[in-house]
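# Fold and contact review
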Amino acid sequence: MSVYIDEYGWEIDTDKIKNWEIIEFPDSKLCSCDNCGYEGYDFAETKERIIDDDGTRQTFCPKCKSPHYYIISKNPQ
């Protein structure tokens, strides 16, 4: 069972979430996961975790699905 508390204080059981989409950041943002250590230019999201009225979705680590996945640098263009 993978249960996390996200930055909004909500408990998330990522094992129960279906239909993950893995998406590349369009502007090459390097991200890092505080849970598993994964680093990459992609992220996971799902329609089950919409966090704003405009349809914005919460982002997760594409490897372990932790919500503790943060931008650490932007690739200079």
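The notes below deal with the structure included here. (Residues numbered from 1 in each chain as written. Predicted model: local features only at pLDDT ≥ 70, side-chain atom pairs only at ≥ 80, totals over all residues. Heavy atoms only, no water.)

## What to know about the state of the cysteines
Stated formally: In what follows, a disulfide is any cysteine sulfur pair within 2.5 Å. In this scheme, a residue with accessible area under 20% of its type's maximum is buried, one over 50% is exposed, and one in between is partly exposed, where area comes from a 1.4 Å probe on protein chains only.
Scanning the model with the defined rule gives zero disulfides in all. Residue Cys-61 stays outside any disulfide, its sulfur separated by 3.8 Å from that of Cys-36, the closest cysteine. With a relative accessible area of 0%, Cys-61 lands in the buried category. As a non-bridged cysteine, Cys-64 has Cys-33 as the owner of its nearest cysteine sulfur, 3.7 Å distant.

## What about the side chain of Lys-29?
So the rule is basically this: Strands here are runs of E lasting at least two residues and helices are runs of H or I lasting at least four, both read from the DSSP assignment and numbered beginning at the N terminus. The criterion used for residue contact is that any of the two residues' heavy atoms lie within 4.5 Å.
Relative to the elements of secondary structure, Lys-29 occurs in strand S4 (residues 29-33). Once residues lying within four places of it in the same chain are set aside, the contact partners of Lys-29 are Gly-40, Tyr-41, Ile-71, Ser-73 and Lys-74.

## Here we look at the nonpolar core
Here is the rule we go by: Working definition of a nonpolar core: buried Ala, Val, Leu, Ile, Met, Phe, Trp, Tyr and Cys residues. They are joined through side-chain atoms within 4.5 Å.
Listed in full, the eight residues of the largest apolar core are Tyr-4, Phe-25, Cys-31, Cys-33, Phe-43, Cys-61, Cys-64 and Tyr-69. Every residue in contact with Cys-31, bar those within four places of it in the chain, is listed here: Phe-25, Tyr-38, Glu-39, Gly-40, Tyr-69, Tyr-70, Ile-71 and Ile-72.

## Remarks on the pattern of salt bridges
Applied cut-off: In the sections that follow, a salt bridge refers to a side-chain nitrogen of Lys or Arg positioned within 4 Å of a carboxyl oxygen of Asp or Glu.
Taken as a whole and judged by the stated rule, the model has three salt bridges. In this structure, Arg-57 engages Glu-21 in a salt bridge whose closest nitrogen and oxygen atoms are separated by 2.9 Å. In this pair, Arg-57 sits in the loop between strand S6 (42-45) and strand S7 (69-74) while Glu-21 sits in strand S3 (residues 21-24), placing the two residues 36 residues apart along the sequence. Among the ionic contacts, a cluster of salt bridges with common partners joins Glu-21, Glu-45 and Arg-57.

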